[in-house]
Structure formats: structure tokens, C-alpha cells
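Chain by chain, the residues:
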Amino acid sequence: MKELMQSLRESSIKAILECESAELLEQLRVKYLGKKGELTAILRQMGKLTAEERPAMGQLANKLRADIEEALDKRKTQINSLMLEKKLEEEALDVTMPGEKYALGHKHPMYNVLDQIKDIFIGMGFEIVDGPEIELADYNFSKLNIEEGHPSREWTDTFYFTPDSKILLRTQTSPMQIHAMETRELPIRIIAPGRVYRKDEVDATHSPMFHQIEGMVIDKGVTMSDLKATLNLVVEKIYGKGTVTRFRPHHFPFTEPSCEMDIQCHKCGGKGCPTCKGEGWIEVLGAGMVHPKVLAGCGIDPDVYSGWAFGMGLERLALGEYKITDMRLIFENDVRFLEQF
Ligand code: PHE
């Protein structure tokens, strides 16, 4: 029995000290000290000993149990610190490793053009203002002198929210003229860029959502020549000195007189080419002197104050600037396209 205990002592201590993991160590504890373990098996044989032999053997057995327990504890502490070391090693941060590269986006080409235009107007003392895309028909139409029955108020052209045609997605940024006149101190110099919505089918030059930039000046003694001079300056800043413009008479209910401004095609110099569709001129914006009825409707005396306004399409400008031939590319947001700018 003594020999059995001796050999258990040797084999168990050796196995414990060589053990590599906490799970295996637990298995060893069960194997040696458990109810069905090897030490228990030896103790079962105590019955065969004489009464004199028993106490000494009992003591040896207790000592053996204590020593195995001690070995288990010792190994457990070692394993724990080994595991910790391993974990720290694995999780160590190597500050000399090259960092992960993130794909940084950049500004959308159309917003480059918008920022350029904003800068030009800010330089001339204009403020940039923002307004609602969900608008009252009053602001989108009535206060702009667009009467009931005007074709632009048709349900086939305009996205209405309510059957009474009172709330809609603005079809132009011109309601910003009214908001500005109703809420701001005179004189007013603003531009108001933003989205507008019309029931148009998507094609290379149309989209049910597009962007306009509204511009407006109201002050004493403002004339059509201020409008022309300002817009000529803006065009020269965008397209270069000496860019030729042309103001054609037009009609808008909220301006009088009204005009459209064309620029001479910068590609062909007016001879006619694919860029200007053979016209020699590219239509850029609608404009005019703010109608006295519109001024009066906003509580501004048209005998004292006058003003001009314009509205231009931003997509068209961006298409021209970047020689993009299809407007859909502007909105599809395919990175393969956008990356090129
Ligand atoms: N709102 C007009 C349009 O969408 C453009 C415009 C703005 C005309 C301001 C005159 C003055 O066509």
C-alpha cells in the first residue's frame, strides 16, 4: 500500500506539473482526488490493514492528499499567469504597424459648383438662406402672382400632399423670395439654394427632383442694370473674363420685366456645337425685376423699394462645368462616377 501511494505520488505530481491548461488540471484533480479517483481507490483498501498499520497509513494518505492539492494549487497559479502573459502578448498593440486605410469621401461635384457660387455671392455681401421643401401653395404660387388655373399649378406637374392643393413639394426656390421679404429687414441680399420637385419623367436632362439657386436683392433704387451687372460678374467668375451673356425677354408672373439669360457657348464661341446643341448659346437662368404686386403683397412699398431676382438650375451648371452628358449620373451616386472629380 505504501508503494501504491508512493507511485501515485510520483505519477500525479509529475502529471500535474506538466499540465498545460486549467481544464486538464481539473481533469487531473478528479482523476487523483475525486470520489472515483486513484487516492480513493487506495484508501478503500485500508480495510485490509491491521489496526496497528492503519494510523500510519492514514497519515501517509492525508499527507499525500495535501501534497497533491498543493501541487494542483501551485500549478493552477502558474497556468493562470501563463495564460495572462499569453493573452497580453496576443493583444499587444504594435504601434509601429501601418494603420488601416479608410476610404475618405469627397464633395459631390455638384456641391463643388454650389460652393463656388456661394463664395462668389458671399463676396458680394449676399447671405445664404435655407427654407422648407414642403411648402404652402400660397408661397409657391399665390404670393408669387401665379394665379389659380395657371398651368404650373396642375396636378400633372406638381406633387401635392392634400386634395385641396394647399400643401406641396415646392416646384421652385422662388417661394424663398416671399419668406425673405416677409421676415427680413430691408435691404435684402440673399441667395437660397435647395431642392425642388416636379412631376417629370427621368431622362438625360430631367429628374423629378433637382436643385435651384434663387437670388434676390431688394433695396431703394435697384434697377435691371444692377441685375445684369451682377449676373455678368458671376458668369465671368465661373467661366472666365470676357464670357458673353445675352438677356432675352421672357415671362414670369412674379417678375416684370422678365428675362432669360444665356451665355455664349464657351466651347465653340457661338458658332454652334454639340455642347450648345448647335445654338451657340446656353440658357442659364430666369430672372427679372420683382413684380410690384409681389412686393406689395409682402408689405414692401413698390414706390419706394425695387428689386431683382433670378433662379438657376444647379444640375445644368454642373453638367456644363464637368462636361457630364447625363443628369442621372449626378443622382445615382455611383462611386465609380463620383471618384473622377
Ligand atoms: N422660378 C423660376 C423657374 O423655376 C425662375 C425665376 C426665378 C425667374 C426668379 C425669375 C425670377 O423657372
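Quick notes on the rules
- Residues numbered from 1 in each chain as written.
- Predicted model: local features only at pLDDT ≥ 70, side-chain atom pairs only at ≥ 80, totals over all residues.
- Heavy atoms only, no water.
- Helix = DSSP H or I, 4+ residues; strand = E, 2+ residues; numbered from the N terminus.
- Rg over C-alpha atoms; globule rule 2.2 N^0.38 Å.
- Buried < 20%, exposed > 50% of the residue type's maximum accessible area, 1.4 Å probe, protein only.
- Contact = heavy atoms within 4.5 Å.
- Areas by Shrake-Rupley, 256 points an atom, 1.4 Å probe, with all protein chains shown as cover.
- Lys, Arg positive; Asp, Glu negative; His and termini not counted.
- Charge placed at Lys NZ, Arg CZ, Asp CG, Glu CD.
- Near = heavy atom within 4 Å.
- Polar contact = N/O pair within 3.5 Å; in protein donor to acceptor, adjacent residues only side chain to side chain.
- Nonpolar A, V, L, I, M, F, W, Y, C, P; charged D, E, K, R; others polar.
- Axes fitted to C-alpha atoms, helices over the stretch in contact; angles between N-to-C directions.
- Parallel < 35°, antiparallel > 145°, perpendicular 65-115°, else oblique.
- Phe/Tyr/Trp six-rings, centres within 6.5 Å; stacked < 30°, edge-to-face > 60°.
- Lys NZ or Arg CZ within 6 Å of the ring centre and 35° of its normal.
- Core = buried A, V, L, I, M, F, W, Y, C linked by side-chain atoms within 4.5 Å.
- Pairing = 2+ DSSP bridges.
- Salt bridge = Lys/Arg side-chain N within 4 Å of Asp/Glu carboxyl O.

A. Spotlight on the overall build of the protein chain. If you tally the helices and strands in the protein chain, you get twelve helices and nine strands. Its C-alpha atoms give the protein chain a radius of gyration of 43 Å, clearly above 20 Å, the size a compact globule of 341 residues would have. Its C-alpha atoms give the protein chain principal-axis dimensions of roughly 130 × 50 × 35 Å. Taken across its 341 residues, the protein chain has 40% of its residues classed as buried. Within the protein chain, contacts between residues at least 6 apart in sequence are counted, and of these 64% link residues at least 24 apart. Summed over its atoms, the accessible surface of the protein chain is roughly 19,900 Å², and 54% of this surface lies on carbon and sulfur atoms. One way to put it: in the protein chain the 43 positive side-chain charges average out to a point 7 Å from where the 53 negative ones average out.

B. Broad picture of the site of the ligand. The environment of the ligand is formed by 14 residues, the closest being Gln 172, Ser 174, Arg 198, Gln 212 and Gly 311. Measuring from a nitrogen atom of the ligand, one finds a side-chain N or O atom of Ser 174 at 2.9 Å. Side-chain polar atom of Arg 198 to an oxygen atom of the ligand: 3.1 Å apart, as the coordinates give it. Considered on its own, the ligand offers 320 Å² of accessible surface; in the complex 89% of this is hidden by protein. Counting residues per element, the ones that place at least two in the shell around the ligand are strand S5 (209-220), strand S8 (281-290) and strand S9 (305-313). The element that contributes the greatest number of residues to the shell around the ligand is S9, accounting for three residues. When its residues are assigned to classes, the shell around the ligand shows five nonpolar, seven polar and two charged.

C. Quick look at the packing of helix H5 (residues 109-123) against helix H10 (residues 314-322). The N-to-C vectors of H5 and H10 enclose an angle of 105°; their axes lie 9 Å apart at closest approach. On the basis of the axis angle, H5 is roughly perpendicular to H10. Between H5 and H10, the residues in contact are Pro 109, Met 110, Asn 112, Val 113, Leu 114, Gln 116 and Ile 117 and Leu 314, Glu 315, Leu 317, Ala 318, Glu 321 and Tyr 322, respectively. Here the contact of H5 with H10 is composed, by residue class, of nine nonpolar, two polar and two charged.

D. Spatial organisation of the packing of aromatic side chains. One pass over the structure, following the stated rule, counts eight aromatic pairs. An angle of 65° between the planes, with centres 5.1 Å apart, marks the rings of Phe 337 and Phe 341 as edge-to-face. A relative accessible area of 10% means that Phe 337 is categorised as buried. Chaining the aromatic ring pairs together yields one cluster made of Phe 121, Phe 126, Trp 308 and Phe 310. A cation sits over an aromatic face here: Lys 143 above Tyr 139, 5.0 Å from the ring centre.

E. Region of interest: the nonpolar core. One finds Ile 117, Leu 231, Met 261, Leu 285, Trp 308, Phe 310 and Met 312 to be the most contacted residues of the largest nonpolar core, which totals 41 residues. Per-element accounting of this core gives the leading share, six residues, to H5. Not counting residues up to four positions away in its chain, the partners in contact with Met 261 are Leu 231, Val 235, Thr 245, Arg 246, Phe 247, Ile 282, Glu 283, Val 284 and Leu 285. Residues Phe 141, Ala 180, Met 181 and Cys 298 belong to the second largest nonpolar core, which totals 25 residues.

F. Summary view of the side chain of Glu 135. Inspection of the secondary structure puts Glu 135 in strand S2 (residues 134-136). Polar side-chain contacts of Glu 135 include one of 2.8 Å to the side chain of His 179. Apart from the residues within four sequence positions on either side, Glu 135 is in contact with Asn 140, Lys 166, Ile 167, Leu 168, Arg 170, Pro 175 and His 179.

G. Seen up close, the environment of Arg 316. Structurally, Arg 316 is set in helix H10. Taking the C-alpha atoms as reference, Arg 316 lies 13 Å from Met 209; in sequence the two are 107 residues apart. From its side chain, Arg 316 meets the backbone oxygen of Glu 283 in a polar contact 2.9 Å long.

H. Quick peek at the sheet that holds strand S1 (residues 127-128). Pairing in this open sheet of seven strands is mixed, and the strands run S1-S4-S5-S9-S8-S7-S6 from one edge to the other. In this open sheet, the two edge strands, each paired with only one partner strand, are S1 and strand S6 (245-252). As judged from the nine bridges shared by S5 and S9, these two strands associate in the antiparallel manner. Each residue of the ladder has a partner; that of Ile 218, found in S9, is Gly 307. Lying over the sheet, H5 contacts S1, strand S4 (188-197), S5 and S9, oriented at roughly 165° with respect to S4.

I. Broad picture of helix H7 (residues 175-183). Across the nine residues that make up H7, a large majority, seven, are buried. All of the buried residues in H7 are Pro 175, Met 176, Gln 177, Ile 178, His 179, Ala 180 and Met 181.

J. Quick look at the pattern of salt bridges. The tally for this structure, following the rule as stated, stands at 17 salt bridges. In this structure, Arg 153 engages Glu 148 in a salt bridge whose closest nitrogen and oxygen atoms are separated by 3.8 Å. When the shortest N-O distance is used, the salt bridge between Asp 262 and Arg 246 registers 2.9 Å. Placement of the pair is Asp 262 in strand S7 (residues 255-264) and Arg 246 in strand S6, with a sequence separation of 16 residues.

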